[in-house]
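Geometric and topological summary
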Amino acid sequence: MKKTLSFLILIIVCQVQMTAQTPHFKCGYDHFITMKKHHDPHWFGLNQQMFEACKNNRGGGTGGVYTLPVVFHVLYNNDSQNIPDSVIYSQLDVLNEDYRRLNADAVNTREIFLPVAADCEIQFALATVDPQGNPTTGIEHIMTDRTEFTLEIFSTVNTLDEVKHTSTGGADAWDTEHYINIWICNVTTDFPGAQIFGMSYPPGGLDNWPANSNAPTAEDDGIVIHYTTVGRNNPVSEDDGTDLNDLGRTLSHEMGHYLGLRHTWGDEFFGDVCSEDDGIDDTPLCGSGDQFECDLTANTCDDGTLNDQPDMIENYMDYNQDACYNMFTEGQKTWMRYALEELRSGLLQPLDIRTMHTMEKITWPNPTSDALFVNSQLRGSDYTIYNAAGQMIERGNIRSNSLSVADLQSGLYFIQFDMENMTFSNRFMVRD
Ligand SMILES: [Zn+2]
């Protein structure tokens, strides 16, 4: 990772400095991903393989609207960095508008892209219960001795992860399987003049990403954003020297990575940039990010055919000014929901269910179409089945080692077993 990190960031910085006085990067992600890809000859094949699997699965929307719990850890060393809750509420509004296509500037999506513009049917809510089961606002304000958290370009590890640990002046994550952790802090880099606005890890196990792209440990999983980029009513939004990122869309972009999306141009900076793609069919092939130019004429990979489309610079997974973003695509929606259902399904469990993993197997098979087998240790316990929206579907007592689910519609479900003082839960998918 060391060579990857150092080599690529130099390239990016050089490219950006030619066109702008202050180099700004929407996120620090691509500087380690591109080189990995170059070192992995199987990458493209896996990419295609994963996308086919994704398209053939149910990720498109059978589960309805998903609501995901988030916790914000605000790390501050001075008043400016201590972002008030009102700004975080604004940030949450932005996120929910963008992921439900309720953003006012959806009207700016160019006609050519309207057929694929998507309501991702994903929304976000502040956590109401903390990992210990206590009520919470979902926002922590924590004073730190650290004036900044620095991405060290030449380090062998992602030093920005220090914000995720109390022992290094940050704040420990809440159970990353069940909460989306978002750390807000003063993000810096040790490359002179370079500013990174955010960074996040994709879920592990997505074969379209180069190996080891996900968080090095579960405790490091989540999203980091620079304090100036939060919300659209941020009183210190200009502290970073630019007004191009003042509408809270850094988090819309980083959340896309967290849910498995790549940059629209596939993170290719070398050689034939049009040979690499993001693995999503309905984002046009493009050769680079828009680099904050908001250039509606951009067409970096014109193939000369009548069907050729311009670069989709309005996509949240481009690099652009906040004001120029306005859409995700149907393909991206499918991809994110697939990643959510398969790899981040802990986020879909109702918040008041405490999962305990002391049994080898709770229920099986998964997916199922008519019967769900239940661990014999649970016989005699009460059970409740919830749908993906957290609504109770069925309740009863386990009399044998199986349950009929033939009457349930296709979709994702959670089953909870209450046994003396213990609760066990599991998810299962019903297919026709
Ligand atoms: Zn990014």
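Refer to the structure presented above.
A brief report on the enclosed structure follows. (Residues numbered from 1 in each chain as written. Predicted model: local features only at pLDDT ≥ 70, side-chain atom pairs only at ≥ 80, totals over all residues. Heavy atoms only, no water.)

**Examining the overall build of the protein**
- Tallying secondary structure elements over the protein gives six helices and 17 strands in all.
- Burial statistics for the protein: of 432 residues in total, 57% are counted as buried.
- For the protein, the proportion of contacts with a sequence separation of at least 24, taken over those separated by at least 6, is 71%.
- For the protein, the exposed area adds up to about 17600 Å²; of that, 49% sits on carbon and sulfur atoms. (Helix = DSSP H or I, 4+ residues; strand = E, 2+ residues; numbered from the N terminus. Buried < 20%, exposed > 50% of the residue type's maximum accessible area, 1.4 Å probe, protein only. Contact = heavy atoms within 4.5 Å. Areas by Shrake-Rupley, 256 points an atom, 1.4 Å probe, with all protein chains shown as cover.)

**Looking at the sheet that holds strand 15 (residues 402-404)**
- The strand order across the open sheet formed by three strands is 11-12-15, and the pairing between neighbours is antiparallel. In this open sheet, the two edge strands, each paired with only one partner strand, are strand 11 (363-364) and strand 15.
- Note that strand 11 and strand 12 (residues 371-374) share two bridges and pair antiparallel. Across the sheet, residue Thr-363 finds its bridge partner in strand 12, namely Val-374. (Pairing = 2+ DSSP bridges.)

**Quick word on the nonpolar core**
- The biggest cluster of nonpolar side chains holds 47 residues, and the ones touching the most others in it are Tyr-99, Phe-124, Ile-180 and Met-255.
- Mapped by element, the contributors of at least two residues to this core are strand 2 (66-76), helix 4 (85-100), strand 3 (122-126), strand 6 (180-185), strand 10 (223-226), helix 5 (249-258), helix 6 (330-343) and strand 16 (411-419).
- Counting the residues that make up this core, at least three belong to each of domain 1 (2-346) and domain 2 (351-430).
- Look past the residues within four positions of Met-255 in its chain and what remains in contact with it is Leu-95, Tyr-99, Phe-124, Ile-180, Ile-182 and Ile-223.
- Counting residues in hydrophobic clusters, the runner-up holds 16 residues, among them Ile-362, Tyr-383, Tyr-413 and Ile-415. (Core = buried A, V, L, I, M, F, W, Y, C linked by side-chain atoms within 4.5 Å. Domains from an automatic or database assignment.)

**Regarding the side chain of Arg-427**
- Among the secondary structure elements, Arg-427 is positioned in strand 17 (residues 422-430).
- Buried charged residue Arg-427 carries no salt bridge. Nearest counter-charge: Glu-342, at 4.6 Å.
- Only 2.7 Å separates the side chain of Arg-427 from the backbone oxygen of Glu-341, close enough to count as a polar contact.
- Polar side-chain contacts of Arg-427 include one of 2.9 Å to the side chain of Ser-345.
- Excluding residues within four positions of it along the chain, Arg-427 makes contact with Glu-341, Glu-342, Ser-345, Asn-366, Leu-412, Tyr-413 and Phe-414. (Lys, Arg positive; Asp, Glu negative; His and termini not counted. Salt bridge = Lys/Arg side-chain N within 4 Å of Asp/Glu carboxyl O. Polar contact = N/O pair within 3.5 Å; in protein donor to acceptor, adjacent residues only side chain to side chain.)

**Quick look at the state of the cysteines**
- Enumeration over the complete set of coordinates arrives at one disulfide.
- Disulfide partner of Cys-294: Cys-324, at an S-S distance of 1.9 Å. Classification of the bridge connecting Cys-294 and Cys-324 rests on its S-S torsion, roughly -110°, and on that basis the disulfide is left-handed. Within this pair, whereas Cys-294 is found in the loop between helix 5 and helix 6, its partner Cys-324 is found in the loop between helix 5 and helix 6, the two being separated by 30 residues in sequence.
- For Cys-294, a relative accessible area of 27% gives the class partly exposed. (Disulfide = S-S within 2.5 Å.)

**Quick notes on the environment of Thr-137**
- With respect to the helices and strands, Thr-137 occurs in the loop between strand 3 and strand 4 (139-143).
- Between the C-alpha atom of Thr-137 and that of Phe-72, which follows or precedes it by 65 residues, the distance is 9.5 Å.
- With residues near it in sequence (within four places) discarded, Thr-137 still touches Leu-126 and Ala-127.
- Side-chain polar atoms of Thr-137 contact the backbone nitrogen of Ile-139, separated by 3.2 Å.

**Brief notes about helix 6**
- Across its 14 residues, helix 6 extends 19 Å between first and last C-alpha, which sits within 8% of the 20 Å expected from 1.5 Å per residue.
- Among the 14 residues that make up helix 6, eleven are buried, leaving the element largely enclosed by the rest of the structure.
- Buried within helix 6 we find Gly-331, Gln-332, Lys-333, Thr-334, Trp-335, Met-336, Arg-337, Tyr-338, Ala-339, Leu-340 and Glu-341. (Expected span 1.5 Å × (residues − 1).)

**Some remarks on the packing of helix 4 against helix 5**
- Interaxial distance between helix 4 and helix 5 falls to 9 Å at its minimum, and their mutual angle equals 55°. Considering their axes alone, helix 4 and helix 5 lie oblique with respect to each other. Two packed elements cross with a definite hand, and for helix 4 against helix 5 that hand is right-handed. In this structure, helix 4 contributes Gln-91, Val-94, Leu-95, Asp-98 and Tyr-99 to the contact, and helix 5 contributes Arg-249, Leu-251, Ser-252, Met-255 and Gly-256.
- Residues of the contact of helix 4 with helix 5, tallied by class, amount to five nonpolar, three polar and two charged. (Axes fitted to C-alpha atoms, helices over the stretch in contact; angles between N-to-C directions. Parallel < 35°, antiparallel > 145°, perpendicular 65-115°, else oblique. Left-handed = near helix turned anticlockwise from the far one by under 90°. Nonpolar A, V, L, I, M, F, W, Y, C, P; charged D, E, K, R; others polar.)

**Brief notes about the pairing of strand 16**
- Across the nine residues that make up strand 16, a large majority, seven, are buried.
- Sheet analysis places strand 13 (residues 382-387) next to strand 16, joined by six bridges and oriented antiparallel. By the bridge assignment for strand 16, Tyr-386 is matched with Phe-414.

**A word on the packing of aromatic side chains**
- A complete count under the given rule lists eight aromatic pairs for this structure.
- Plain terms: the ring middles of Trp-174 and Tyr-179 are 5.3 Å apart, the flat faces sit at 85° to each other, and that makes the pair edge-to-face. Of the two residues, Trp-174 and Tyr-179, both sit in the buried class.
- Ring geometry for Trp-364 versus Phe-373: centroids 6.3 Å apart, planes at 20°, classification stacked.
- Among the aromatic residues, those joined into a cluster by ring pairs are Tyr-99, Phe-124, Tyr-316, Tyr-325 and Phe-328. (Phe/Tyr/Trp six-rings, centres within 6.5 Å; stacked < 30°, edge-to-face > 60°.)

**Some thoughts on the pattern of salt bridges**
- A complete count under the given rule lists nine salt bridges for this structure.
- With a closest N to O distance of 2.6 Å, Asp-221 and Arg-344 form a salt bridge. Taken together, the residues Asp-221 in the loop between strand 9 (198-200) and strand 10 and Arg-344 in the loop between helix 6 and strand 11 connect sequence positions 123 residues apart.
- Residue Asp-221 is classed as buried on the basis of its relative accessible area of 11%.
- According to the relative accessible area criterion, Arg-344 is buried, its value standing at 7%.

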